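# Report on the structure
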Amino acid sequence: MMGCDNGKKEAHCIAYDSGLFLLDSSVFVVGAVDFPYYGIPRSYWERTIGHVKEMGANTVMLRLPWMLHEPKEGSFNFEEENDVRLLCDIAADNGLLVWLHVGPFIDKRMDFGGMPWWLLKNKDIRVRTLQQSFMDRVGRYFRALAAELSGMQLGSGGPIAFVNIEEPYYLNGNVKGYFAALYDSLRVAGFDNSLFTLSVSKENLLKIPSGVLPALVADERENAMRSFSGLKKVNHDFPVICNDINNTTKDASGVAMDVYDYNRRYMRAFEVFEANGSLLLRNVADAAFYGHQAGAAVVDGKFLPYAALIGEGAVLSRAGYRGDEARRLSELLKRNVTQMSDMETKPQSNRLMMLPAVSAEGFSSLFAAMPKPIESAVPLTFEECGFGYGAVCYSAYIPYDCEEAFLSIDGLHDYARVYIDETYLCSFSRNDSVASFRMPALKSGARLSILVDAAGRLPHIKDCKGITGSVTLSNVSGEKILLDKWYNSSFPSQYDRVASLSYTDDIRLNEPGCFRFLFDVSECHDSYLYMGAWGRGEVWVNGHSLGRYYGNSSVQSLYMPGCWLKKGSNEIIVLDWVGTDNPVIEAYRSEVIYM
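Should the charged atoms of two oppositely charged side chains come close, the side chains can pair. Here the structure, examined in full by the defined rule, presents 23 salt bridges. A salt bridge links Glu70 to Arg140; its shortest N-O distance comes to 3.0 Å. Placement of Glu70 in the loop between helix 2 (66-69) and helix 3 (84-93) and of Arg140 in helix 4 (residues 132-148) is noted, with a sequence separation of 70 residues between them. Using a relative accessible area of 24% as the deciding quantity, one classes Arg140 as partly exposed. The partner of Glu383 in a salt bridge is Arg457, with the nearest N and O atoms 2.8 Å apart. In this pair, Glu383 sits in helix 11 (residues 382-385) while Arg457 sits in the loop between strand 27 (447-453) and strand 28 (466-467), placing the two residues 74 residues apart along the sequence. Judged on exposure class, the residue Glu383 and its partner Arg457 are both buried. Residues joined in a network through salt bridges with shared partners are Glu70, Glu73, Arg137 and Arg140.

Next comes the structure, spelled out in structure tokens:
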């Protein structure tokens, strides 16, 4: 039996014995719902957690993105949209337990798996390993978390019953030693009064360190209990925790999306409960990746950014339940999950509205807005320039006249547009097998500019952004034209940066830049901003980032919460790395997805 601390006043005890969870010595069946608070506006948290309670769950999982809580190294943020202590209080007020997922890797769909980009400023960093410099930074973050959530563990009278470390791990190396080091680091930090869990596949059961429970990711190709057949061989006392089925990442015409099958999910949940198991459901609350949260995936050999919406087929929409199949899952939870309280919740639903077409009233050219460059012998990555998200304009001057030349870029992460003296020539992407272009005749002193913007980072590798390799310019004889002086002008995609620009009514079409819109509303409700006519970039409404968009993809809208609008005048700024021939915005009552 584990997890008890009976020495504290009003403390509760979460434990396990003979394959069952026990809460204060009573059998407890866990029905947990993943709650992506970072993709739900703070003013909607209480209502959405109320929907989770109404659905029949007794626990919420909170994935804590390191990237959000330590946006700058050594500077922690647990305020406003990152107030996880408030989230725990809301859960407790609704009679729900909390299952923390502290990472450091928390979700393959998030930028760099939820880890902060600034780790990559250290060229020698080896993330998710026992490397001392990495583990030191992880330990510092864990200590900050423990201090922020002091007194919130179940044994101290708070709602935190479980602490989950890491995600399924498929890399080589001392994996078991890494897991054990994370476990020790958390306990030293102060998480010493909860049950520890680790999300693993059945192939990695033997890599679970002593004192940690496996939360198994079920294989969607077989019966749930067959997926867990090796569990009792490891420890007969381990309770079964099904960490949902493996979702499917697919190419949604230019972006990656995770999709779930309602019927398969229902049958998996039914199988788990029939075997007295507990269940964690992912992708339940409808949410979005705001700002730079969305990561990227490789699907069928192609690099694809994740769409701004967290997944297709969420059980709880922003307006409550979504269809009869979702209701079936809720009824199953209510029949099988131990209810923490008899309190009823009747959360209100969101209202939706349309926004008529609005034309841009201001424009600021990206080229004119570029700051003083950093000079270097070779192109620098974003991380070497000291920022994590946005674009770099790489410029070099042609040393002599040449009738014809070939340009090639090695290590492009992720998209590039090539200009000579601000005249557009061509585009490349990370998916091009050969990023090469036959240039026109070049004059001595002509300025070659390569504007590189980035999507989210892949979760499992050191995915630095910008030009990570070399740029080669060769003449027709194959001789390289030496470009040994580069000017690196960085443009971080941040609201304070785009808001500080000078906007004019000279609206330029098909040119990278920032577009400003002003509009009035008499009521403030949710809507979906249509971005299908745009290129590629990011949107802010009244200073809040709605996330990145990719106009040529099948996912052509961004969720715009009504709580971020205000009665009267509102502002939208669109930063587009490509430009558009139709600088107009409008919003609909539903998502725009063409599959």
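Structure's up, so let's keep going.
Another aspect to go through is the sheet that holds strand 35 (residues 557-560). With respect to topology, four strands assemble into an open sheet ordered 18-37-32-35, the strand pairing being antiparallel. Strand pairing shows two members of the sheet lacking a second neighbour, strand 18 (355-359) and strand 35, which therefore form its edges. Along the sheet, successive strands turn relative to each other by an average axial angle of 25°, direction set aside. For strand 32 (residues 527-530) and strand 37 (residues 584-588), the ladder comprises two bridges, and the chain directions are antiparallel. Note that in strand 37 the partner of Tyr528 across the bridge is Tyr588.

Within the secondary structure layout, Pro583 lies in the loop between strand 36 (568-576) and strand 37. Of the residues examined, Pro583 reaches a relative accessible area of 12% and is grouped as buried. Taking C-alpha positions, Pro583 is 8.2 Å from Ile507, a pair spaced 76 residues apart along the chain. Once you skip the residues sitting within four places of it in the chain, Pro583 turns out to touch Val358, Ser359, Ala360, Ile507, Leu509, Phe515, Phe517 and Trp534.

Below, the discussion takes up the confidence of the model for the chain. The predicted coordinates ought not to be read in detail in places where the model reports low pLDDT. Residue-level pLDDT values for the chain average 88, and 89% of them are 70 or greater. Scored below 50 in pLDDT, residues 5-9 makes seven contacts in the model with residues more than four places away or belonging to other chains.

With that out of the way, let us pick up the packing of helix 1 (residues 45-55) against helix 3. Axis separation between helix 1 and helix 3 bottoms out at 10 Å; the angle between their running directions is 40°. Overall, the two elements helix 1 and helix 3 adopt an arrangement that is oblique. The handedness of the crossing between helix 1 and helix 3 is right-handed. Along the contact surface, helix 1 presents Trp45, Glu46 and Ile49, while helix 3 presents Leu86, Leu87, Ile90 and Ala91. The residue makeup of the contact of helix 1 with helix 3, split by class, is six nonpolar, no polar and one charged.

The biggest cluster of nonpolar side chains holds 123 residues, and the ones touching the most others in it are Phe35, Leu62, Phe134, Ile572 and Val574. Per-element accounting of this core gives the leading share, eight residues, to helix 4. Excluding its chain neighbours within four sequence positions, the residues that come into contact with Val574 are Gly513, Cys514, Phe515, Phe517, Met531, Trp534, Glu538, Val539, Tyr549 and Ile585. The next biggest cluster of nonpolar side chains, apart from the first, holds 32 residues, and it includes Phe387, Ala416, Ala435 and Ile450.

Here is what the cut-offs are and how they apply
Residues numbered from 1 in each chain as written. Predicted model: local features only at pLDDT ≥ 70, side-chain atom pairs only at ≥ 80, totals over all residues. Heavy atoms only, no water. Salt bridge = Lys/Arg side-chain N within 4 Å of Asp/Glu carboxyl O. Helix = DSSP H or I, 4+ residues; strand = E, 2+ residues; numbered from the N terminus. Buried < 20%, exposed > 50% of the residue type's maximum accessible area, 1.4 Å probe, protein only. Pairing = 2+ DSSP bridges. Axes fitted to C-alpha atoms, helices over the stretch in contact; angles between N-to-C directions. Contact = heavy atoms within 4.5 Å. pLDDT = per-residue confidence, 0-100. Parallel < 35°, antiparallel > 145°, perpendicular 65-115°, else oblique. Left-handed = near helix turned anticlockwise from the far one by under 90°. Nonpolar A, V, L, I, M, F, W, Y, C, P; charged D, E, K, R; others polar. Core = buried A, V, L, I, M, F, W, Y, C linked by side-chain atoms within 4.5 Å.

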